[in-house]
Amino acid sequence: QSALTQPPSASGSPGQSVTISCTGTSSDVGAYNYVSWYQQHPGKAPKLIIYEVNERPSGVPDRFSGSKSGNTASLTVSGLQAEDEADYYCSSYAGYNIQWVFGGGTKLTVL
Amino acid sequence: EVQLVESGGGLVQPGGSLRLSCAVSGVTFSTGWMTWVRQAPGKGLEWVANIKPDGSEKHYVDSVKGRFTISRDNAKNSLYLQMNSLRAEDTAVYYCARDLSWSLGYWGQGTLVTVSS
């Protein structure tokens, strides 16, 4: 079960936008619209911020948005704020036999 | 308020066993897939296992097949992970999570499992 590919780090200044990519294959990201994104602050549990590619759970600011093109999904954080500094993980359904795969995570730094 | 509370972690020798539990409240436990995810120290998230609402279907990551068993008790709103033949590489924080529209919508705070002699 191969992990999805994310850049190890990303950064932006307050107020700017940053996009984090998540590259999979035609068997996971490319095959299903079941891509989700999780935010994890140090020492805390992950928190769901995007599900089904571009849906936001209740309470998640609309500064967070998701998209997908082919085998690559993306998370965009607009209007960066200091509290957005965290690790971000993507995940995708990968079919009956493999079930779920995660990306390696991206550390977002707000400069 | 939805709460997931894991317990049962600790220090165990290689080859040993542990049983993790996850108590769920504030959400209808019996209608959702439940999942275990782990995170080795300083590493990323790894999906470990999941179980269908009625317990009839279970899936595992290859590295734990034959060693770990996921189960649930809907009457007790509880999820379990029986871990046998533990290895050093199983050392991680183990999180339980409940599904929300094909994602992991609710997470516990995690329980640390350390496999070391």
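Above this text sits the structure in question.
Keep in mind the model is a prediction, meaning the values are calculated, not measured.

Trainee: Looking at this structure, how should I read the overall build of chain A?
Mentor: Secondary structure summary: chain A contains zero helices and nine strands in total. A compact globule built from 111 residues should have a C-alpha radius of gyration of about 13 Å, and chain A, at 13 Å, falls within 12% of that. In chain A, buried positions account for 47% of the 111 residues. Within chain A, contacts between residues at least 6 apart in sequence are counted, and of these 58% link residues at least 24 apart.

Trainee: Sorry, what's going on with the sheet that holds strand β7 (residues 68-73) of chain B here?
Mentor: Neighbouring strands of a sheet are bound in pairs by backbone hydrogen bonds; such pairs are parallel or else antiparallel. Residue and element names in this part refer to chain B. What the four strands build is an open sheet, ordered β1-β3-β8-β7; its pairing is antiparallel. Each end of this open sheet is capped by a strand with a single partner; those strands are β1 (3-7) and β7. Neighbouring strand axes in the sheet, compared pairwise and without regard to direction, differ in orientation by 15° on average. Where strand β3 (residues 18-25) and strand β8 (residues 78-83) come together, six bridges link them in antiparallel fashion. Each bridged residue has a counterpart across the sheet, and for L18 the counterpart in β8 is M83.

Trainee: What is the right way to read the interface of chain B and chain A from this model?
Mentor: The parts lose accessible area when they come together, and the size of an interface is often stated as this lost area. Opposite the 24 residues of chain B that make contact, chain A presents 19 residues. Between chain B and chain A, a total of about 1800 Å² is buried, with carbon and sulfur atoms accounting for 62% of that surface. Considering only the surface of chain B that becomes buried against chain A, L45(B), W47(B) and W102(B) emerge as the three largest contributors, covering 37% of it. The interface formed by chain B and chain A contains zero salt bridges. Applying the counting criterion to the chain B and chain A interface returns seven residue pairs in polar contact (both at pLDDT 80 or more). In terms of residue count, strand β5 (residues 45-51) of chain B provides more of the side of chain B that touches chain A than any other element does, four residues in total.

Trainee: Sorry if this is basic, but what is going on with the pairing of strand β4 (residues 47-50) of chain A here?
Mentor: It is a general feature of regular strands that their side chains alternate between the two faces of the sheet. All names here are of chain A. Note: strand β3 (residues 35-40) against β4, three bridges, orientation antiparallel. Looking across to β4, one finds that W37 is bridged to I50. Counting the residues that bridge the hairpin from β3 to β4 gives six residues, and of these G43 lies at a positive phi of roughly 75°.

Trainee: Help me understand the packing of aromatic side chains in this model?
Mentor: Both the distance between ring centres and the angle between the ring planes are used here to describe each pair of aromatic rings. The full count for this structure, using the stated rule, is eleven aromatic pairs over all chains. Ring geometry for Y32(A) and Y93(A): centres 4.9 Å apart, planes at 75°, overall edge-to-face. Here the residue Y32(A) occupies a position in the loop between β2 (18-23) and β3, and Y93(A) occupies one in strand β7 (residues 86-93), the gap between them amounting to 61 residues. Note on Y93(A): relative accessible area 12%, which makes it buried. An aromatic cluster is present here, built from Y32(A), Y34(A), Y93(A), W100(A) and W102(B) joined pairwise through their rings. When the ring centre of Y80(B) is taken as reference, the NZ or CZ atom of R19(B) above it lies at 4.0 Å. Here the guanidinium or amino end of R72(B) rests over the ring plane of F29(B), the centre of that ring lying 4.4 Å away.

Trainee: Would you mind showing me how to read the pattern of salt bridges here?
Mentor: Working definition: two side chains of opposite charge can pair if their charged atoms are close together. Taken as a whole and assessed by the stated rule, the structure comprises seven salt bridges over all chains. With a closest N to O distance of 2.6 Å, D84(A) and R63(A) form a salt bridge. Taken together, the residues span a long stretch of sequence, with D84(A) in the loop between β6 (72-77) and β7 and R63(A) in the loop between β4 and β5 (64-69) at a distance of 21 residues. The salt bridge partner of D90(B) is R38(B), with a shortest N-O separation of 2.9 Å. Of this pair, D90(B) sits in the loop between β8 and β9 (92-99) while R38(B) is found in strand β4 (residues 34-39), placing the two residues 52 residues apart along the sequence. The pair D90(B) / R38(B) is uniform in exposure class, with both members buried. The network of salt bridges with common partners includes R38(B), E46(B), R67(B) and D90(B).

Definitions and limits used
- Residues numbered from 1 in each chain as written.
- Chains lettered and ligands numbered in written order.
- Predicted model: local features only at pLDDT ≥ 70, side-chain atom pairs only at ≥ 80, totals over all residues.
- Heavy atoms only, no water.
- Helix = DSSP H or I, 4+ residues; strand = E, 2+ residues; numbered from the N terminus.
- Rg over C-alpha atoms; globule rule 2.2 N^0.38 Å.
- Buried < 20%, exposed > 50% of the residue type's maximum accessible area, 1.4 Å probe, protein only.
- Contact = heavy atoms within 4.5 Å.
- Pairing = 2+ DSSP bridges.
- Axes fitted to C-alpha atoms, helices over the stretch in contact; angles between N-to-C directions.
- Buried area = accessible area lost by both parts, 1.4 Å probe.
- Salt bridge = Lys/Arg side-chain N within 4 Å of Asp/Glu carboxyl O.
- Polar contact = N/O pair within 3.5 Å; in protein donor to acceptor, adjacent residues only side chain to side chain.
- Phe/Tyr/Trp six-rings, centres within 6.5 Å; stacked < 30°, edge-to-face > 60°.
- Lys NZ or Arg CZ within 6 Å of the ring centre and 35° of its normal.

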